[in-house]
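Architecture and fold: a report
This is what each chain is made of:
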Number of protein chains: 2
Amino acid sequence: MASMMFTDCSSSMTSRLFHLNRRNGTSLLRQCVGQLRFQTTASGRGCIRSSSSSPISAISAETKSEGTATVIDGKAVAKKIRDEITIEVSRMKESIGVVPGLAVILVGDRKDSATYVRNKKKACDSVGIKSFEVCLAEDSSEEEVLRSVSGFNDDPSVHGILVQLPLPSHMDEQNILNAVSIEKDVDGFHPLNIGRLAMRGRKPLFVPCTPKGCIELLHRYNIGIKGKRAVVIGRSNIVGMPAALLLQREDATVTIIHSRTKNPEEITREADIIISAVGQANMVRGSWIKPGAVIIDVGINPVEDSSAARGYRLVGDICYEEASKVASAITPVPGGVGPMTIAMLLSNTFTSAKRIHNFQ
Amino acid sequence: MASMMFTDCSSSMTSRLFHLNRRNGTSLLRQCVGQLRFQTTASGRGCIRSSSSSPISAISAETKSEGTATVIDGKAVAKKIRDEITIEVSRMKESIGVVPGLAVILVGDRKDSATYVRNKKKACDSVGIKSFEVCLAEDSSEEEVLRSVSGFNDDPSVHGILVQLPLPSHMDEQNILNAVSIEKDVDGFHPLNIGRLAMRGRKPLFVPCTPKGCIELLHRYNIGIKGKRAVVIGRSNIVGMPAALLLQREDATVTIIHSRTKNPEEITREADIIISAVGQANMVRGSWIKPGAVIIDVGINPVEDSSAARGYRLVGDICYEEASKVASAITPVPGGVGPMTIAMLLSNTFTSAKRIHNFQ
């Protein structure tokens, strides 16, 4: 996203700036936070984050002492949703003897994909959804993957099918995703679902999990969408584009900002609601944000942090410290949208089982 | 579009205002054009249009004497496209003996629908596309319509199928449109086509004709889209929404304005490109427009005009007189987008025949 680049003030840079600041006074730090409108002179910390152990508790503490923004606690909301699903799944089992089932197809041996799949399995277990898994070797053929998809399409105990992305490069991702039965496309990535999402008077069978999670957070925090200016940063098929379509369905006036947008800062500053899904650490600064705006940060970006046990920590697309002083509400990273994605996957799987078995 | 209402200054009102103006001085006219930034005091005509015989020539004359905007001549561009299609259709017939075919299904006896269908037939004839037509009575059953759709789906001499809307109220429009084979959906309204239009890396088989015509006009006039701010007014499935998706595919930064938008004027004023498809005569005033913006006016609204032979004349969503003084380029109504819609329908039908017969 070339046109969105700015003087690097991301967290990976901040520890160096902080040291310079302590040695040479505030001038270098000012270069970093020069555009910031609502920077408090008392703390003068700009986008610098302390490497505290628990991000959520750290943020809450900061919010209390300096910021004004309500922290949108995705972890707590996701837990509540999982609890609701647990009760409903149990009711379904008791009433009609059906247990919802989610099948995941994992191809290759990417560690991150294996972790995601493991987490999904754990989440399914926690709410009583049965999980099915097929692991195929990196050098499997597309036909083998398609055979697995087809098997799950035909399996009545499977209500949702998820092909873990990315797939090995020798495979046609479109071809494989298109093969997933529209009735079991709990990821909501099928173009037929996206088309229905875009069209007024139509209803998709499933809404993609991450953008659905973003909107659910707004709902659960009673944040009005109708008539609001909304800016979505990023236009991916998985998050940005469907998030924009969802906001539009809820009567927001939506602008999508992307790599070719010439003045992202100016446009973002007009938004009452910002959803950022661009994958650039701390890209959106405090100066980009209209006072009182609501911020949903989908980005999860690793930045170097020698003080962290793993040598890195996770930050969002939004410079949290700056934004939390300007916004009225903001999701932390981690602990914001992340936990909602899996909760929405469970919700979609349960919805699918309900629809297939006509369970009210 | 409640929130877009403004002091009525539409053309249906202007003749009365003009009389008052002549009697009582300029005060009432000023109420009408009060927000206008670039009103020339010399003419003082605001949104008043002379009921000249040929709209295009009238506009051209006005452009020369007062305005600065280039008139985007949709009639001329559409003719050029039809000429190109005529040559290609003839080449196809000579090379592989195939004549592209377009089938139209008309249900009921709406006069406007009958006129549209007649015009489509004439346009097909003019480029050498064979046209098929089924006319069903108003009280036909949905099954009868579906049978006609199915027949054309199976007919190899038909490459495009178009169900004339609106359908009688006892029919399920979605159901009937969904029955049209995706390979022959030359209207591009199938959700699968819309989904592919929305998704990056996907390609729809057909793009809806009117928005396709809007973008084609920009292309033919060498108007850059990439990186531009674009505002689409109206979010219908047929024009506004797909127009926004198309602009986004061409790397514009797009905002859709609709009935729930609180400050349409302010947002529209940020746009380099405006596409309006809202169906409100002269709604967009000169004051809504950024100097140098490009305007594509999809609206075709009848307004009373006692001096016209039919008692009315057609105007767009944009107050042409005001806008043409501010914009750098503008489509007239009629003679702008209108002729492009049918040209794009012919283009889609030819594209379909090419694809089905693998003709390059």
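Up top is the structure.
Everything in this summary refers to the structure shown in the same document. All residue numbers here refer to positions counted from 1 along the written sequence of the relevant chain. For this description, chains carry letters from A and ligands carry numbers from 1, given in the order in which they are written. Residue-level local features of this predicted model are given only where pLDDT is at least 70; pairs of side-chain atoms are given and counted only at 80 or more, and the full residue set underlies all totals for whole chains, interfaces and linings. With hydrogens and water excluded, all non-hydrogen atoms of the structure serve as input to the side-chain values.

**Some thoughts on the overall build of chain A**
Think of it this way: any DSSP run of H or I at least four residues long counts as a helix, any run of E at least two long counts as a strand, and we number them from the N terminus. A tally of regular secondary structure across chain A gives 13 helices and 11 strands. A total of 360 residues make up chain A; the buried ones form 54% of that total. In chain A, the proportion of contacts linking residues at least 24 apart, taken out of those at least 6 apart, comes to 70%. Residue-level accessible areas treat just the shown protein chains as cover; the underlying method is Shrake-Rupley with a 1.4 Å probe. Accessible surface, chain A: about 15,200 Å² in total, of which carbon and sulfur atoms supply 51%. Here's how the labels work: a residue is buried when its accessible area is under 20% of the maximum for its type, exposed when over 50%, partly exposed in between, all with a 1.4 Å probe on protein chains only. Any two residues having at least one pair of non-hydrogen atoms within 4.5 Å are treated as being in contact.

**Comments concerning the side chain of A:Asn301**
Residue and element names in this part refer to chain A. The topology assignment puts Asn301 in strand β9 (residues 301–304). A polar atom in the side chain of Asn301 sits 3.0 Å from the backbone oxygen of Gly316. For this analysis, a polar contact is any N or O atom pair within 3.5 Å, provided that within protein one partner can donate a hydrogen and the other can accept it, and provided that sequence-adjacent residues contribute only side-chain to side-chain pairs. A distance of 3.1 Å separates a polar atom in the side chain of Asn301 from a polar atom in the side chain of Asp317. If sequence neighbours within four positions are ignored, Asn301 has contacts with Gly279, Gln280, Ala281, Arg313, Leu314, Val315, Gly316 and Asp317.

**Quick word on the relation of the copies chain A and chain B**
When chain A is fitted onto chain B, the two copies agree to an RMSD of 0.0 Å after a turn of 180° and an axial shift of 0.0 Å. On the angle and the small slide along the axis, the relation comes out as a two-fold axis. Proximity to the rotation axis, assessed at the C-alpha, singles out A:Gly195 in chain A; its C-alpha lies 1.7 Å from the axis. A shared binding surface is used by both copies, with 97% of the interface residues of chain A retained as interface residues in chain B. The fit set for superposing copies consists of C-alpha atoms from residues with pLDDT of at least 70 in both; the fit itself is least squares.

**Let's talk about the interface of chain A and chain B**
On the side of chain B, 33 residues touch chain A, which itself brings 34 residues to the contact. A carboxyl oxygen of Asp or Glu within 4 Å of a side-chain nitrogen of Lys or Arg is what we treat as a salt bridge. On the surface where chain A and chain B come into contact, there are two salt bridges. Note that B:Arg235 is salt-bridged to A:Asp251, the shortest N-O span being 2.7 Å. Where chain A meets chain B, there are 17 residue pairs in polar contact (both at pLDDT 80 or more). Contributions of two or more residues to the side of chain A that touches chain B are made by α7 (173–179), α8 (191–198), α10 (240–249) and β6 (253–257) of chain A. Side-chain classes are defined by residue name, with Ala, Val, Leu, Ile, Met, Phe, Trp, Tyr, Cys and Pro counting as nonpolar, Asp, Glu, Lys and Arg as charged, and the others, Gly among them, as polar. Of the residues belonging to the side of chain A that touches chain B, the class tally is 11 nonpolar, 13 polar and 10 charged.

**Concerning the pairing of strand β2 (residues 101–107) of chain B**
Strand residues, when the strand is regular, have side chains that alternate between the two faces of the sheet. Residues and elements named next belong to chain B. The element β2 is largely enclosed, with a buried count of seven among its seven residues. Burial along β2 is two-sided: the residues Gly101, Ala103, Ile105 and Val107 and Leu102, Val104 and Leu106 are all buried. When DSSP locates at least two bridges between a pair of strands, those strands are taken to pair. Note that β2 and strand β3 (residues 130–136) share seven bridges and pair parallel. Bridging across to β3, Leu106 finds its partner in Cys135. We call a crossover right-handed when, viewed with the strands running away from us, the connection from the first strand over the helix to the second turns clockwise. In this fold, the crossover linking β2 to β3 by way of helix α5 (residues 111–127) has right-handed handedness. Strand direction decides the pairing type here: β2 and strand β4 (residues 160–163), joined by four bridges, are parallel.

**Re the nonpolar core**
Counting residues in hydrophobic clusters, the biggest one holds 118 residues, and the most contacted among them are A:Leu218, A:Leu247, A:Ile275, A:Ile296, B:Leu218, B:Leu247 and B:Ile275. The residues touching B:Leu218, leaving out its near neighbours within four places in the chain, are B:Ile223, B:Ile225, B:Leu247, B:Ile273, B:Val294 and B:Ile296. By convention a nonpolar core is built from buried Ala, Val, Leu, Ile, Met, Phe, Trp, Tyr and Cys residues, the set being connected through side-chain atoms within 4.5 Å.

**So, helix α8 (residues 191–198) of chain B**
Taken across its eight residues, α8(B) has seven buried, putting it largely inside the fold. Those residues of α8(B) that fall on the buried side of the exposure criterion are B:Pro191, B:Leu192, B:Asn193, B:Ile194, B:Gly195, B:Leu197 and B:Ala198.

**Examining the side chain of B:Asn348**
Residue and element names in this part refer to chain B. Here Asn348 shows up in helix α13 (residues 338–356). Judged by its relative accessible area of 2%, Asn348 is buried. Separated by 3.0 Å, the side chain of Asn348 and the backbone oxygen of Val207 make a polar contact. With sequence-adjacent residues up to four places away left out, Asn348 is seen in contact with Val186, Phe206, Val207, Cys209 and Lys212.

**What about unusual backbone geometry?**
Put simply, A:Val333 and A:Pro334 share a cis peptide bond, and its omega is -5°. Here A:Pro334 lies in the loop between β11 (329–330) and α13 (338–356).

**Observations regarding the sheet that holds β2(B)**
All names here are of chain B. One open sheet accounts for three strands, arranged β3-β2-β4; its pairing is parallel. A strand with exactly one partner marks an edge of an open sheet, and here the two such strands are β3 and β4. Shown here is a sheet whose adjacent strand axes are inclined to one another by a mean of 15°, direction ignored. Axis angles are defined between N-to-C directions and span 0 to 180 degrees, where every axis is a line fitted to C-alpha atoms and, for a helix, only to the segment in contact.

**Points about a negative patch on the surface**
Together, A:Asp109, A:Glu138, A:Asp139, A:Glu143 and A:Glu144 give the surface a local cluster of negative charge. Within the secondary structure, A:Glu144 is located in helix α6 (residues 142–154). Residues enter patches when their relative accessible area tops 30% and they take part in no salt bridge; the joining distance is 9 Å for like charges and 5 Å for the nonpolar side chains Val, Leu, Ile, Met, Phe, Trp and Tyr. Under the counting rule used here, the positive set is Lys and Arg, the negative set is Asp and Glu, and His together with the chain ends is not counted. For this purpose, a charge sits on NZ of Lys, CZ of Arg, CG of Asp or CD of Glu.

**A short note on the environment of A:Thr351**
Residue and element names in this part refer to chain A. Inspection of the secondary structure assignment puts Thr351 in helix α13. Each C-alpha atom, one on Thr351 and one on Leu205, is 9.1 Å from the other, the two residues being 146 residues apart in sequence. Here Ser347 takes part through its backbone oxygen, which lies 2.8 Å from a polar atom of the side chain of Thr351.

**Thoughts on the sheet that holds strand β4 (residues 160–163) of chain A**
Residues and elements named next belong to chain A. Taken together, the three strands give an open sheet; going across it, the order is β3-β2-β4, and neighbouring strands pair in parallel fashion. The open sheet terminates on both sides in strands that have one partner only, identified here as β3 (130–136) and β4. Put simply, the sheet's adjacent strands are angled 15° from each other on average, direction ignored.

**A word on the packing of α5(B) against α13(B)**
Packed helices, taken two at a time, are described by the angle between their axes plus the distance between the axes. Residue and element names in this part refer to chain B. Packing of α5 against α13 leaves a shortest axis separation of 10 Å and a crossing angle of 55°. Accordingly, the angle class assigned to the pair α5 and α13 is oblique. Our pair here, α5 against α13, has a crossing hand that is right-handed. For the pair α5 and α13, contact is made by Asn119, Lys120, Ala123, Cys124 and Val127 and by Ile342, Leu345 and Leu346, respectively. The residue makeup of the contact of α5 with α13, split by class, is six nonpolar, one polar and one charged. With respect to orientation, any angle under 35 degrees is reported as roughly parallel, any angle over 145 as roughly antiparallel, any angle of 65 to 115 as roughly perpendicular, and every other angle as oblique. Handedness of a helix crossing follows the sense of rotation of the near helix relative to the far helix, less than a right angle counterclockwise being left-handed and clockwise being right-handed.

**What to know about the pairing of strand β5 (residues 229–233) of chain A**
Residue and element names in this part refer to chain A. Among the five residues of β5, five are classified as buried, and the element is accordingly described as predominantly covered. Of the two faces of β5, the one lined by Arg229, Val231 and Ile233 and the one lined by Ala230 and Val232 are each fully buried. Across five bridges, β5 lies against β6 in parallel orientation. Each residue of the ladder has a partner; that of Ile233, found in β6, is Ile257. With four bridges joining them, β5 and strand β7 (residues 273–276) adopt parallel strand pairing. In the sheet register, Ala230 faces β7, and the bridge partner there is Ile273.

**Some remarks on the packing of aromatic side chains**
Aromatic rings from Phe, Tyr and Trp, taking only the six-membered ring of Trp, are treated as a pair when their centres fall within 6.5 Å; an angle between ring planes under 30 degrees marks them as stacked, one over 60 as edge-to-face, and anything in between as tilted. For the coordinates displayed, the defined rule picks out two aromatic pairs over all chains. Sitting above the plane of the A:Phe206 ring, A:Arg355 keeps its charged end 4.8 Å from the centroid. Distance and angle both matter: a charge sits over a ring if NZ of Lys or CZ of Arg is within 6 Å of the ring centre and within 35 degrees of the ring normal.

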